[in-house]
Amino acid sequence: MENTVIKIENLVKRYGDLIALDHFSLAIREGEIFGLLGPNGSGKTTTINCMLSLLAFDKGSIEIFGQKMTPVNYDIKKQIGIIMQDVAVFNELTVYENIDYFCGLYITDKAERKRCVMEAVEFTGLGEFLKFYPKKLSGGLLRRLNIACGIAHKPRLIILDEPTIAVDPQSRNKILEGIQKLNRMGATIVYTSHYMEEVEQICTRVAIMDKGKKIAEGTKDELKRMIKNTETITVEVLGLSEAIRNEIVQLPHVYRTEYDGERLIVFCSGGTHNLIRVLDVFRTHEIRVGRVYSELPTLNDVFLEITGKELRDRKGDSHVLS
Amino acid sequence: MFFHDLKYFILSQLKTKNLIFWLLLFPIALGCFFRIAFGEIYGNLTQTEPIPVAVVEEKDNPVFRSVLESMQGSKDRFLDPVDMDEATALDQLKNNTVEGILYINDKLRLTVAEDGLEETMLKKFVETYTLRETILTDAALMHPEKIEAAAAALSKDCHSVAAVSVTAENTNNFTQYFYNLIAMTALYGSLLGMQICFNNQANLSALGARKSCSPISKAVSLAADLTGAVLLQFLCMAVCVTFLVFVLKIDLGNRLPLVYLAACLGGLTGVSIGFFVGSVGTVGQRVRTGICNAVVLLLCFFSGLMVGNMKALVARFVPWLNEINPAAVISDSIYCLNLYSDYRRFGEKLAAMLLISLLFCILGIIMTRRKQYADI
Amino acid sequence: MQIFKAFFKVLKKSIPSSLIYIIIFLSISLVFAFSGQEDKTVFEQTELIFCIFDQDDSAESRSLVSYIGKQHELVDLEQDEDILLDALYYERVNCILLIKSGYAKQLAEGNTENLFERYAMHAGYADILTEQLLDQYVASVSAYLAEGCLLPEAVQKAETALSVQADVTYADFEEDTEYPTVIFFFFQYLPYILISVLFNTLCPVLLTMNRNDIRFRTDCSGIRPASYLLWNSAGSVLFIIGIWLLFMGVGIFLYGGLYAGKAWIAVLNSFVFTLVSASWAILFSCFSPGENTINLITQVIGLGMSFFCGIFVEQSLLGSGVLAVARFLPAYWYVRINNMLSGNEPFRSENVLVFLLIETAFAVAAGMLALLIGKFRYRRLSAE
């Protein structure tokens, strides 16, 4: 493939009897913001760690920038920036010292390094906190520091592993905007998360993982086209009879309804003006309704339809791996 | 990149107030305790005091009585006899107020509660008296005309033994505790050594994971961090020796620069041990720290930090242990400087320290280089 | 109950590192116990270790060497300065004796001065014994020579007379069988062991249970702070008793059966000191020491107190100033009781009681200080 930055073929990784990655393959092109989406324990971080040669894997191959990735391939490592799930900074060094240190592992020239550090500081909005120690920073600022340490050396490939965990909404937005800006400046981004809203917001292409397997891959629109549901209409209505429900099910493009006594959810596949037809039924029978809204399918719907469960499982799934 | 990593390792460790503070304070505090506790011990141990003994007269023995009376009032007397009845004597023997009970009769008897040097000397005293009695009785029977000559020969001060002191240096063997304190401080450099692994290994910390992804080669990174740890430990050792010699006035001999050298090399050994322990296996930080601390304690125990004659016992039963026990090697190196006039032994000990350090560093590097993990 | 369970779950997590300390210190305590002297019921005189170099090599000098060898241990060493220095320093030999050339000739002439050279390092009773032994031998031979005997006959008669042993009996104080030496040494070193084990095992658990974020979260629940403290304390107490029982079990093994008589006082003494160690560990944990530094600080406290209070060095050898300061440490009173039990000090039961109470006071004081400091620090953190 042209301009493939990362090529993973048939990756298998086992932890004892547990298969963390099951013949996982992936190709990420230059200039993409590639999202790796999946619930906790699906194998996202395992994939990242294998990519970075931190973890040994049992089968398969990984190439980055056309070269085989190994622990001593420093040419590749120079071009990668990593922002890990756990904040990886020195508690004993100030914000400035931390960024300077990690940048210094990539850029040896002092003058250039200083410039890069200050740009990273400005980029992440940490200008007022240069002399602070990590213990004194809030969760959001700490995450920004974590990012600054990973991008200061202006890498071609940036890997972010769930960078917005425990981050306030303002910082989260800033982080997402920053990632898009980095992409516009030429970096290829690999972004893992189990927050589909973030992935939907910034990613150009997405792969959905579950139990170590890739279950779907494509642009957001391609993924949504994979599933039956193209529109979900929700109507607040009380005391809806079975007859009215049946009438709604008979409408064109409606394939399923759900009613819990207070809300009616109508699932449509294809077609246009589905909302108008549903509201006509209520008008005809002079049934009073409350709030009405129509939603386009989300990646969660894609995941739900393919796997039968939510991306964020409310019942609590396995947290062995992520 | 080497100097960049070195600079930040030293900076981060210096700012880890806990560790550096206690590595510096530890020998100071313990040194003070030792100094105060041992201040008078050597004098107490090596001075010989008259042995207190109870005297129970069962039958009148004027000859022996005169011997006892001749002792009283003498400055160099070797016994402190006190007359009392048997019940009191037994009570005082039980309470260690007296070391033995002398029963005066036709034949002298001695009762003691335990065997020790004082008791042996009491026995010797009784035997001497009995011996003289035997010889003079023999003389009286066989050659009565020579009895005076025999008595004169017996009571003459023979001065048959000329005492030669083997060394002019400090032979106070409580100084050994200070040598062991220096060794223990050196080995606690292992905490710094482990920190290198915590900062560099992906399975031990997120920081280690991040560094493993960077283009700095493991060799350079480890070399820089090891250098930093060793330099910091050199500082701690220098402070330790300086405090002991100049503040506590402990006599570590008159070849002080070499004492500093030995202490610093000991520090290197400590760091290398910690580096090795930090790089082996898959257990977490806390268990590793526990293992390292326990190993250091055990090594110092066998070097005689707690039981003073432990090294002698080890030398007697398991002599090779003293050659490979880093704590024993470090303390012995300073002892050698103190006691021997030449440098051969000292050189051997330094070489042993260097060898141990090199071995652990190499093993540690082998364990950590090009490492990928089955699980992090 | 949740807190109690959580305490033991945290403890379970730290068992691997705690077990290392427990095993190491158990082993050390056993070595300590056996490093003491064995009990003797028959008097055996102190045997010195000699290394003799016979430059005279005459029948008389060989006879002297043989005579010394009957009472003391003879070892062969290389006549190398370094080896001899080593042997003296480590007390592998007490004395290096040189029988000078011309010994037999001078003795026959009645000249008894400077027949031998004695090389020694540390002055002590061993020197006096050696000089006494040799002077007595030489004087006895001289006496028989003065009687008109020839040298070989004089040597033989002198050795016969010298071989007469003194009538020495060993006083049998019955109570000593209740407190044999091995148990004395076991309990003697126990304070150092207890401090080391409890500081290194209890502190990390308490540090986790008293972590700020965990305390804050617990306070948001329906559990009262006093209840939190109570359950934590209950967990600590159970753990402490477990450690103490473990060491008492080892003591039973050394004792050769269940404790009897005076030994129970030692058991009680050790229990009180365990409480002291535990309360100090709890107080220490209030200052949130780093995990790296727990061991360092433990050694300062443990070793320092052990040397000051007569655990590693007998109290009779310490200076009066040192003992005056040591009275402010609990181990001093612990050792006093142990000395009374072994007979090194006169035994008085009222003193035992007083000393136990003093130790208990240390435990109570440390406990109260821990409560106060813990509360103060927590309030300060809550206010921040």
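Residues numbered from 1 in each chain as written. Chains lettered and ligands numbered in written order. Predicted model: local features only at pLDDT ≥ 70, side-chain atom pairs only at ≥ 80, totals over all residues.

J.: Tell me what's going on with the overall build of chain A, and back it up with residues and numbers.
T.: Across its full length, chain A holds 11 helices and 14 strands. Per-residue burial over chain A gives 39% buried out of 322 residues. Sequence separation of 24 or more characterises 69% of the internal contacts of chain A that already satisfy a separation of 6 or more. (Helix = DSSP H or I, 4+ residues; strand = E, 2+ residues; numbered from the N terminus. Buried ≥ 20, exposed ≤ 12 C-beta atoms within 10 Å, placed from the backbone. Contact = placed C-beta atoms within 7 Å.)

J.: Could you give an account of the overall build of chain B, with specific residues and numbers?
T.: On a plain count of helices and strands, chain B comes out with 17 helices and 5 strands. Taking 2.2 N^0.38 as the reference for a compact globule, 376 residues should give roughly 21 Å; the C-alpha atoms of chain B span a radius of gyration of 31 Å, well beyond that estimate. For the C-alpha atoms alone, the extent of chain B along its principal axes is close to 105 × 45 × 35 Å. In chain B, which comprises 376 residues, the proportion classed as buried is 47%. Considering only contacts in chain B between residues 6 or more positions apart, those separated by 24 or more positions represent 74%. (Rg over C-alpha atoms; globule rule 2.2 N^0.38 Å.)

J.: Talk me through the nonpolar core; I want residue IDs and the actual numbers.
T.: Counting 218 residues, the largest nonpolar core has B:Ile182, B:Leu187, B:Cys300 and C:Leu198 as the members making the most contacts within it. For this core, the element with the highest residue contribution is helix H8 (residues 181–209) of chain C, accounting for 21 residues. Discounting chain neighbours no more than four positions away, the residues touching B:Ile182 are B:Cys240, B:Val241, B:Ala263, B:Gly266, B:Ile330, B:Ser331 and B:Ile334. One finds A:Ile76, A:Met84, A:Ala88 and A:Val121 within the second-largest nonpolar core, a separate group that totals 84 residues. (Core = buried A, V, L, I, M, F, W, Y, C linked by C-beta atoms within 7 Å.)

J.: Give me the domain arrangement of chain B: which residues, what numbers.
T.: Frequently, the measure chosen for interface size is the accessible area removed from exposure when the parts meet. Each assigned domain of chain B is listed with its residue range as follows: domain 1 (2–41 + 172–368) and domain 2 (50–155). Relative to domain 2 of chain B, the C-alpha centre of domain 1 of chain B lies at a distance of 55 Å. (Domains from an automatic or database assignment.)

J.: A description of the interface of chain B and chain C should follow, citing residues and the corresponding values.
T.: Contacts between chain B and chain C engage 84 residues on the former and 82 residues on the latter. When residues in the side of chain B that touches chain C are grouped by element, the largest group, 14 residues, is from helix H6 (residues 117–142) of chain B. Residues belonging to the side of chain B that touches chain C are distributed by class as follows: 48 nonpolar, 22 polar and 14 charged. (Nonpolar A, V, L, I, M, F, W, Y, C, P; charged D, E, K, R; others polar.)

J.: Help me get a handle on the interface of chain A and chain B, residues and values and all.
T.: Contact residues are listed per partner, giving 26 residues for chain A and 24 residues for chain B. When residues of the side of chain A that touches chain B are traced back to their parent elements, those giving at least two are helix H2 (74–77), strand E6 (80–83) and helix H3 (95–104) of chain A. The class makeup of the residues in the side of chain A that touches chain B is 18 nonpolar, 4 polar and 4 charged.

J.: Got a sec to walk through unusual backbone geometry? Specific residues and values, please.
T.: All names here are of chain A. One non-glycine residue, Lys 154, adopts positive backbone phi at about 55°. Mapped onto the elements, Lys 154 comes out in the loop between helix H5 (139–151) and strand E7 (157–161). Unusually for a residue other than glycine, Glu 286 sits at a positive phi of about 50°. Counting through the fold element by element, Glu 286 comes out in the loop between helix H10 (274–284) and strand E14 (292–295).

J.: If you had to explain the domain arrangement of chain A to someone new, which residues and values would you point to?
T.: For chain A, the assigned domains read domain 1 (4–221) and domain 2 (231–296). Between the C-alpha centres of domain 1 of chain A and domain 2 of chain A the distance comes to 43 Å.

J.: Could you give an account of the pairing of strand E12 (residues 254–259) of chain A, with specific residues and numbers?
T.: Note on strand geometry: in a regular strand, side chains alternate between the two faces of the sheet. Residues and elements named next belong to chain A. The element E12 is barely covered by neighbouring structure, given that only 0 of its 6 residues are classed as buried. Note that E12 and strand E13 (residues 263–268) share 5 bridges and pair antiparallel. Paired with Tyr 259 across the two strands is Leu 264, which belongs to E13. Between E12 and E13, which pair antiparallel one after the other, the connecting turn spans 3 residues, and Gly 261 there sits at a positive phi close to 100°. (Pairing = 2+ DSSP bridges.)

J.: Could you give me a rundown of the confidence of the model for chain A, with the residues and numbers involved?
T.: Residue and element names in this part refer to chain A. Across chain A, the average pLDDT comes to 88, with 95% of residues at 70 or higher. In the model of chain A, helix H11 (residues 299–307) stands out as the element of lowest mean pLDDT, 81, in contrast to strand E11 (residues 231–236), which has the highest, 94. Across residues 314–322 the pLDDT falls below 50, and counting only partners more than four positions away or on other chains, this stretch makes 17 contacts in the model. (pLDDT = per-residue confidence, 0-100.)

J.: Describe the sheet that holds E13(A), naming the residues involved and giving the relevant values.
T.: All names here are of chain A. A sheet is described by the order of its strands in space; here 4 strands give the open sequence E12-E13-E11-E14, paired in antiparallel fashion. Of all the strands in the sheet, the pair left with one neighbour each is E12 and E14. Averaged over all pairs of adjacent strands, the angle between strand axes in this sheet comes to 15°, irrespective of strand direction. Bridge count for E11 against E13 is 6 bridges, and the pairing is antiparallel. When the sheet's bridge partners are listed, Thr 234 is paired in E13 with Ile 265. Across the sheet, helix H9 (residues 242–249) lies against E12 and E13, angled at about 150° from E12, the strand it touches most. Along the sheet face, H10 touches E11, E12, E13 and E14 and points at about 30° away from the line of E11. (Axes fitted to C-alpha atoms, helices over the stretch in contact; angles between N-to-C directions.)

J.: Mind laying out the confidence of the model for chain B, listing which residues take part and the relevant values?
T.: Residue and element names in this part refer to chain B. Summing up the model confidence of chain B, the mean pLDDT is 84 and the portion of residues at 70 or higher is 92%. The spread of mean pLDDT over the elements of chain B runs between helix H3 (residues 41–46), the lowest at 53, and helix H12 (residues 256–279), the highest at 94. Scoring the predicted complex yields pTM 0.77 and, for the interface, ipTM 0.74.

J.: Can you lay out the pairing of strand E3 (residues 33–37) of chain A for me, pointing to particular residues and giving the numbers?
T.: Residue and element names in this part refer to chain A. Most of E3 sits out of view: 5 of its 5 residues are buried. Side chains Ile 33, Gly 35 and Leu 37 of E3 all project onto a buried face; the interleaved residues Phe 34 and Leu 36 project onto the opposite face, where all are buried too. As paired strands, E3 and strand E9 (residues 205–210) are joined by 4 bridges and run parallel to one another. Within E9, the position partnered with Gly 35 by the bridge is Val 206.

J.: Summarise helix H7 (residues 151–162) of chain C; cite the residues concerned and give the values.
T.: The end-to-end C-alpha separation of H7(C) is 16 Å, in line with the 16 Å expected for 12 residues at 1.5 Å each. Taken residue by residue, H7(C) has C:Ala154, C:Val155, C:Lys157, C:Ala158, C:Ala161 and C:Leu162 as its buried positions. (Expected span 1.5 Å × (residues − 1).)

J.: Break down the environment of C:Ser288 for me, citing the residues and quoting the values.
T.: Residues and elements named next belong to chain C. Take Ser 288: it is sitting in the loop between helix H11 (263–285) and helix H12 (291–308). Residue Ser 288 is classed as partly exposed on the basis of its C-beta count, with 14 C-beta atoms lying within 10 Å. Counting along the chain gives 77 residues from Ser 288 to Arg 211, while the straight-line C-alpha distance between them is 8.6 Å.

J.: Before we move on, could you go through the sheet that holds strand E4 (residues 116–120) of chain C and cite the residues and values that matter?
T.: Ordered by their spatial adjacency, 5 strands build an open sheet running E5(B)-E4(C)-E3(C)-E1(C)-E2(C), and the pairing between neighbours is mixed. Strands at the two margins of the open sheet, each flanked by one partner only, are strand E5 (161–165) of chain B together with strand E2 (73–74) of chain C. As paired elements, E5(B) and E4(C) share 5 bridges and run parallel to each other. The partner of B:Ser165 across the bridge, within E4(C), is C:Ala120. Helix-sheet contacts for helix H3 (residues 59–71) of chain C involve strand E1 (49–54), E2 and strand E3 (95–99) of chain C, and the interaxial angle to E1(C) is about 175°. This element, helix H4 (residues 81–89) of chain C, spans E1, E3 and E4 of chain C of the sheet and lies at about 65° to E4(C).

J.: Describe the packing of helix H4 (residues 110–124) of chain A against H5(A), and please don't skip the residues or the numbers.
T.: All names here are of chain A. In the contact formed by H4 and H5, the axes pass within 9 Å of each other and the chain directions differ by 145°. Taken as a pair, H4 and H5 cross one another with a handedness that is right-handed. Here Ala 120, Val 121 and Thr 124 of H4 come into contact with H5, specifically with Arg 144, Ile 147, Ala 148 and Ile 151. (Left-handed = near helix turned anticlockwise from the far one by under 90°.)

J.: Explain the packing of helix H2 (residues 15–34) of chain C against H8(C) residue by residue, including any values.
T.: Residues and elements named next belong to chain C. The interhelical angle for the contact between H2 and H8, taken along N-to-C directions, is 165°, at an axis separation of 8 Å. Between H2 and H8, the interaxial angle falls into the category roughly antiparallel. In terms of crossing hand, the pair formed by H2 and H8 is right-handed. Of H8, the residues touching H2 (which contributes Ser 18, Tyr 21, Ile 22, Phe 25, Ile 28, Ser 29, Phe 32, Ala 33 and Phe 34) are Val 182, Phe 185, Phe 186, Tyr 189, Leu 190, Ile 193, Ser 196, Val 197, Asn 200 and Thr 201. Taken together, the residues of the contact of H2 with H8 break down into 14 nonpolar, 5 polar and no charged. (Parallel < 35°, antiparallel > 145°, perpendicular 65-115°, else oblique.)

J.: Account for the environment of B:Asn200, naming residues and giving values.
T.: Residues and elements named next belong to chain B. Within the element layout of this structure, Asn 200 appears in helix H9 (residues 190–200). For Asn 200, a count of 27 C-beta atoms within 10 Å corresponds to the buried category. In this structure the C-alpha to C-alpha distance between Asn 200 and Ala 312, which are 112 residues apart in sequence, comes to 41 Å. The contacts of Asn 200, once residues within four sequence positions are left out, are Gly 208, Lys 211, Ser 221, Leu 222, Asp 225 and Thr 368.

J.: Kindly report on the environment of B:Leu24, identifying the contributing residues and their values.
T.: Residue and element names in this part refer to chain B. When you line up the elements, Leu 24 lands in helix H2 (residues 17–38). Looking at Leu 24, the number of C-beta atoms within 10 Å reads 16, which means it is partly exposed. Taking the C-alpha atoms as reference points, Leu 24 and Leu 235, separated by 211 residues in sequence, lie 8.7 Å from one another. With residues up to four places along the chain from it excluded, the contact list for Leu 24 reads Cys 236 and Val 239.

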